[in-house]
Structure formats: C-alpha cells, structure tokens
Amino acid sequence: MNFENKRTFAQKLDEQNELKHFRSQFHIPKHGEKNSIYFTGNSLGLQPLKATDYVLREMEDWARLGGEGHTEARQPWIPYHEIFPGQLSRIIGCQPDEVVVMNSLTVNLHLLMVSFYAPTPQRYKIIMEHKAFPSDQYAVESQVKFHGFDPKDAVIEIKPRANEQTIRHEDILSAINENADSLSLVFFGGINYYTGQVFNMESITLAAHKAGALVGFDLAHAAGNIELHLHDWGVDFACWCTYKYLNSGPGGVGGAFINQRHISDTSLNRFAGWWGYKKETRFKMDAGFEPIPTAEGWQLSNAPVLSMAVHKAAIELMDEAGMKNLSAKGRLLSAYLIFILKELADKFREHQISIITPEREEERGCQVSFIIKKEGKKIFEKLLEQGVSAGWREPEVIRVAPVPLYNTFEEIWEFGEMINNILSGSTVTE
Ligand SMILES: *Cc1c(COP(=O)(O)O)cnc(C)c1O
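From a predicted model like this one, the values you see are computed outputs, not experimental measurements.

This next bit is on unusual backbone geometry. Trans is the common state for peptide bonds, and a negative phi is the common state for residues other than glycine. With omega at 0 degrees, the peptide bond leading from Glu 394 into Pro 395 counts as cis. Note that Pro 395 resides in the loop between strand S14 (391-393) and strand S15 (397-400). The phi angle at Asn 247 is positive, at roughly 55 degrees, despite the residue not being glycine. Assignment of secondary structure puts Asn 247 in the loop between strand S9 (237-240) and strand S10 (255-258). Classification of Asn 247 as buried rests on a relative accessible area of 2%. With phi around 55 degrees, Met 285 is a residue other than glycine that occupies positive phi space. Following the sequence through the fold, Met 285 ends up in the loop between helix H11 (260-263) and helix H12 (305-321). In this structure Met 285 comes out as exposed when scored by relative accessible area, which is 54%.

Next up, the structure:
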C-alpha cells in the first residue's frame, strides 16, 4: 500500500477498516479532557466496557448464593474455566483439549518446565534468546540449578550479531544443530518483548525436534497479536499472560498450551493439584493423583472466577474480531507507523532515528521499537506530556504498540505529527 503522511489519509484507513467499531467497546484512558494516545497495550491492554458487568454478575451471585454458586451461579464456578478452550483454541491455534486457563505466566512456565525439561547428564542444555524477558531468564536459570546443572554451561543464549539489533533466524537454527547431542529444550519468546521481532516458531520447532529436543514458547507478546498455529507447528508447550494483548486486566489469569501428544502421558513429571484430578471422581478426595487427560490435568487450584470474568469479556471480543483480521490490522498499523518514522528519520537526520523492529511482515506484529539517538529521552518525555502512552526501555529504546482492537491510524499520524513538531521546535498543532 502507498501510505501518505496526512491526517485525511489516516482517517480514510480507519474508515475502511472492518474492526473500527471495536474501539468503542473499550475504556480509553484520558489525558486531561482528551483521549490519550494509548500505545502500551503490549504492557497492559485496555479494559473492555463489559468487563464490569461480567465481574458484577459473579459478585451478585456470590452475595445471593454463597457457596451454592459453585454449582448454581448463572455461570457455575466449578466448571467456570471450561468456557475458554473453544474460543482460545482459535486465538492460539490449537485443539480445545490442548489449552487451559490457570495461574499466571511465570507460574505456568515453571509447571511446564517441570514436565518438559527433563535433563539427563548427556542432554541438559536449553537454548533461549539473549535478553529474554527477565522473569523467563530467572525461571530457566532456577530450573537448571534445581536439576543440579550450572546455568553458565547449560543455558545457551542466541544473540544478535555485532552491530545488529535482532537475532538472525539462521543463527537460531545453527545453534540448535550444533548442540543437537546435548540439547534438552528450546525455549523462546514467540515475539521478543524488546525488539518486537517475531520468531519463526514453526521452523524452530522442526529443527529442535530433529535435534531430539522439546520446544516451548512464551507467548506473552504473541497471544492476541499474531496468528498462531501451535498444534500444526507441533510445538510441545506454550504459556502466556492475558493482561497484554488479551486485555484481561492487571495480573489477570494466565494460559497454557500442551500438545495433544503429551496431554495424557502420565509418565511425565508434573506438580499436581486437586483441580487437575479426574472430574468424575475429584470429590471422592481419594489418595493417588489421576489427571484429567487434557491440558486441564495441569491445573492446581480451583478457578479464580473474578479474574476469569474479565478474561471472558475480553476473549469474547477477540473471538468476535477474529485472529486473522486482528493480525492483519496489527501489521498494517505497524507498517504505517514504520512509514511515518522513516519520513521523520529522513527529515531530521541529525537525531538519528532508527527502527529496530524487523520490517519484514512475517517478522513483526503490531509493536514497533525504535531509537532516537539524539535527545531520545527528552523527546519521549515530551510525548508523554502531550498525552502519549508509550514504553521506554533503557538505555534508549521507545516501544510503541498500536493495537488492532482499539488503536487507530489517525493516532499514529498524530503521534508522528507530535514528534515532527517537537523536533521542529514548535508546539503541537491540532
Ligand atoms: C509480560 C511478560 C512476563 C510477565 O510474567 P508474569 O508472570 O505475568 O508476571 C513474563 N515473560 C514475558 C516474555 C513477558 O512479556
């Protein structure tokens, strides 16, 4: 598409977009009287309007029924989590019995590593991305130590090459091949939280399996952002949080995927809890754990219904919009943002604006990370003062995520115009 750096052009893109009506389903935070330009949905997604009703409904049922609500609530609490697999299977790209909503992201990562990181003296290494999100680094490091290995030896981090910002795909694959004899697990983000780079999960999975290792992905920045086909790709496990692109509220309940080939494998290690126990006989409270033969078998505790009520509101909207449409609009929003940033980079060369998110469509979702080498921090702070919500990561990266459900092309144009005016030394025009 031939983009134009004009408000009317951006408005036309909004007008033509089939997802435009979803914006009115969300609370947009204010900056003074005006709407802020909220580009931090990659950190905390916005609140769906109907979330309040869904939570209130559970509060009312609790007030009215007390413990009877477990079976008598309008949406009974014992099987509350069972409403999700159908919708999530379309968002995550899997079969319904491969997905479960439970706990939180890092907790789920640990539980899944208990099952899928089973190192032996010969095969104990883990390949992951350099600069993975810190929680993932700590989880992996502590799992490695728990099994008696030294993270310095057991954890192989794949880095960008010198003077490059993102990881080359071929470097991931060659590291997998080179370590084929000692590799136990490949664990990557689906999208790197810092650069916005989308990794080729399908070919990483193929290479890892060929090397005799298992594969897991952290989908914190991928779930609800790009189309995923976890089942078809043959991924072994994955986990995600729901408060980023899945708009399910601060600290919202997490999610996990376990491939069908593993869900009824009782030989796997697992840390069990009563909610993973076979439903027919769960309340006999007998000794001896017998897991549900689906991803639900990894559950520990009964459903956090209030958090799940928010998740329900958010997931209904995503499912209605459809992942294919969301992903297409997300890529178009980021393409427009990249176009605007490049124009600024050309116009204000002395500020050395560079984009670190890969430009190739398959390698990005809706997030764009960029650097303004000269006075970046000051410019960033001015943008905040003018009502932009964006992310700063030390030492110099600005992260911006225009989210397909509620952001607009016009906001991207306005964002560019603000930077233009700041760099031109004038104040922002309307
Ligand atoms: C956001 C994020 C987390 C956060 O973990 P919590 O357990 O939800 O606090 C972890 N890993 C990645 C890659 C993330 O992007």
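With that settled, the discussion passes to the site of the ligand. As a structural note, the neighbourhood of the ligand is formed by Leu 105, Thr 106, Phe 133, Asp 136, Asp 218, Ala 220, His 221, Tyr 243 and Lys 244. Residue His 221 places a side-chain N or O atom 3.0 Å away from an oxygen atom belonging to the ligand. Contacts to the ligand include Tyr 243, whose side-chain N or O atom sits 2.5 Å from an oxygen atom. For the ligand, whose unbound accessible area comes to 390 Å², protein coverage reaches 82%. For the shell around the ligand, the class distribution of residues is four nonpolar, two polar and three charged.

Adjacent strands of a sheet pair through backbone hydrogen bonds, lying either parallel or antiparallel. Taken in spatial order, the four strands make up an open sheet running S11-S12-S15-S14, and their pairing is antiparallel. Both edges of this open sheet fall to strand S11 (353-355) and S14, since each of them pairs with a single strand only. Adjacent strand axes in the sheet meet at a mean angle of 30 degrees when their direction is disregarded. For strand S12 (residues 368-372) and S15, the ladder comprises four bridges, and the chain directions are antiparallel. Counted as the bridge partner of Ser 369 is Arg 399 from S15. Packed onto the sheet, helix H13 (residues 323-347) meets S11, S12 and S15 and runs at close to 155 degrees relative to S11.

Right, let's talk about the domain arrangement of the protein chain for a bit. Taken domain by domain, the protein chain holds domain 1 (7-35 + 324-422) and domain 2 (54-321). When each unit is reduced to the centre of its C-alpha atoms, the spacing between domain 1 and domain 2 is 29 Å. On the domain 2 side, the residues contacting the 29 residues of domain 1 number 18 residues. Summed over both sides, the interface of domain 1 with domain 2 buries roughly 2,100 Å², with 57% coming from carbon and sulfur. Put simply, domain 1 and domain 2 have zero salt bridges between them. Joining domain 1 to domain 2, the criterion identifies eight residue pairs in polar contact (both at pLDDT 80 or more). Mapped onto the side of domain 1 that touches domain 2, the elements with two or more residues apiece are H13, S12 and S15. In terms of residue count, the dominant contributor to the side of domain 1 that touches domain 2 is H13 (five residues). Within the side of domain 1 that touches domain 2, the residues separate by chemical class into 14 nonpolar, seven polar and eight charged.

What counts, and at which threshold
Residues numbered from 1 in each chain as written. Predicted model: local features only at pLDDT ≥ 70, side-chain atom pairs only at ≥ 80, totals over all residues. Heavy atoms only, no water. Helix = DSSP H or I, 4+ residues; strand = E, 2+ residues; numbered from the N terminus. Buried < 20%, exposed > 50% of the residue type's maximum accessible area, 1.4 Å probe, protein only. Near = heavy atom within 4 Å. Polar contact = N/O pair within 3.5 Å; in protein donor to acceptor, adjacent residues only side chain to side chain. Areas by Shrake-Rupley, 256 points an atom, 1.4 Å probe, with all protein chains shown as cover. Nonpolar A, V, L, I, M, F, W, Y, C, P; charged D, E, K, R; others polar. Pairing = 2+ DSSP bridges. Axes fitted to C-alpha atoms, helices over the stretch in contact; angles between N-to-C directions. Contact = heavy atoms within 4.5 Å. Domains from an automatic or database assignment. Buried area = accessible area lost by both parts, 1.4 Å probe. Salt bridge = Lys/Arg side-chain N within 4 Å of Asp/Glu carboxyl O.

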